[in-house]
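Architecture and fold: a report
What follows is the residue order along each chain.
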Amino acid sequence: MRVLVCLDAVVLNADYSVNEVSAKKIRTWLEAGADVEFLTKLNKFLDLKKIDDVLKECGLDGAKVHKKMDDDKFQKVIEGIKPHLFIDCKGTLDDGGSISDKLKSDYKLKRLVLGSPEDIARLPDLPDELKDHVQEQAEAASAE
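The structure contained in this document is the topic of the report that follows. Nothing here was measured: the structure is a model prediction, and the numbers come from that model.

Our focus in this paragraph is the overall build of the chain. For the chain, the helix and strand inventory stands at six helices and five strands. The linear arrangement of helices and strands in the chain, starting from the amino end, is β-α-α-β-α-β-α-β-α-β-α. Principal-axis analysis of the C-alpha atoms gives the chain an extent of 45 × 35 × 25 Å. Put simply, the chain has 144 residues, and 44% of those count as buried. Approximately 8,100 Å² of the chain is accessible, and the part contributed by carbon and sulfur atoms is 48%.

Here we take up the sheet that holds strand S4 (residues 85-89). Taken in spatial order, the five strands line up as S3-S2-S1-S4-S5 in an open sheet, and their pairing is parallel. The sheet terminates laterally at strand S3 (65-67) and strand S5 (110-114), the two strands that pair on one side only. Neighbouring strand axes in the sheet, compared pairwise and without regard to direction, differ in orientation by 25° on average. The pairing of strand S1 (residues 2-6) with strand S2 (residues 35-40) spans five bridges and is parallel. Each bridged residue has a counterpart across the sheet, and for Val3 the counterpart in S2 is Val36. Most of the contacts of helix H2 (residues 20-31) go to S2, to which it runs at about 140°, and overall it touches S1, S2 and S4. Lying over the sheet, helix H4 (residues 74-81) contacts S1, S2, S3 and S4, oriented at roughly 160° with respect to S2.

Here we come to helix H3 (residues 45-57). For H3, which comprises 13 residues, the first-to-last C-alpha distance of 18 Å matches the rise-based estimate of 18 Å (1.5 Å per residue) to within 8%. Of all the positions in H3, only Asp47, Leu48, Ile51, Val54 and Leu55 are classed as buried. Each buried residue of H3 sits inside an arc of 125° when the element is viewed along its axis, so together they form one side. Projecting away from the buried face of H3 at angles above 90 degrees are the exposed residues Phe45, Leu46, Lys56 and Glu57. Buried-residue contacts for H3 involve helix H1 (7-11), S2 and S3. Once H3 ends, the next one or two residues include Gly59, with phi positive near 85°.

About the cut-offs
- Residues numbered from 1 in each chain as written.
- Predicted model: local features only at pLDDT ≥ 70, side-chain atom pairs only at ≥ 80, totals over all residues.
- Heavy atoms only, no water.
- Helix = DSSP H or I, 4+ residues; strand = E, 2+ residues; numbered from the N terminus.
- Buried < 20%, exposed > 50% of the residue type's maximum accessible area, 1.4 Å probe, protein only.
- Areas by Shrake-Rupley, 256 points an atom, 1.4 Å probe, with all protein chains shown as cover.
- Pairing = 2+ DSSP bridges.
- Axes fitted to C-alpha atoms, helices over the stretch in contact; angles between N-to-C directions.
- Contact = heavy atoms within 4.5 Å.
- Expected span 1.5 Å × (residues − 1).
- Arc of directions from axis to C-beta.

Take a look at the structure:
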């Protein structure tokens, strides 16, 4: 299962420190066999170097980091990655919204938008259980 996680806000704080709750959950997914990759809006060389250093320090250095260039759209970048699941967080973007808000409504991508980065701790530890959790969330949302 390929999980794409928004690096900005979910894993990294504005000062490039790591949200340990998120890092621990992602390490658990990696150990359980999930293919976890990251998406960031940062694209300057020094920012990416800091990100690499921080991910290495917290044990997430094996995960690929995808960046959105200034003239790219998030949807185009995500479509190229082809994740099974996208984990995002409210307040990821400068306007207070999430990347998921920028995706077309008919784009068939399972996504979870966390209210805060700490909400990741409530997600299942195993990839199969995570997939089931996302399916249950989608069914509950469509029933409303």
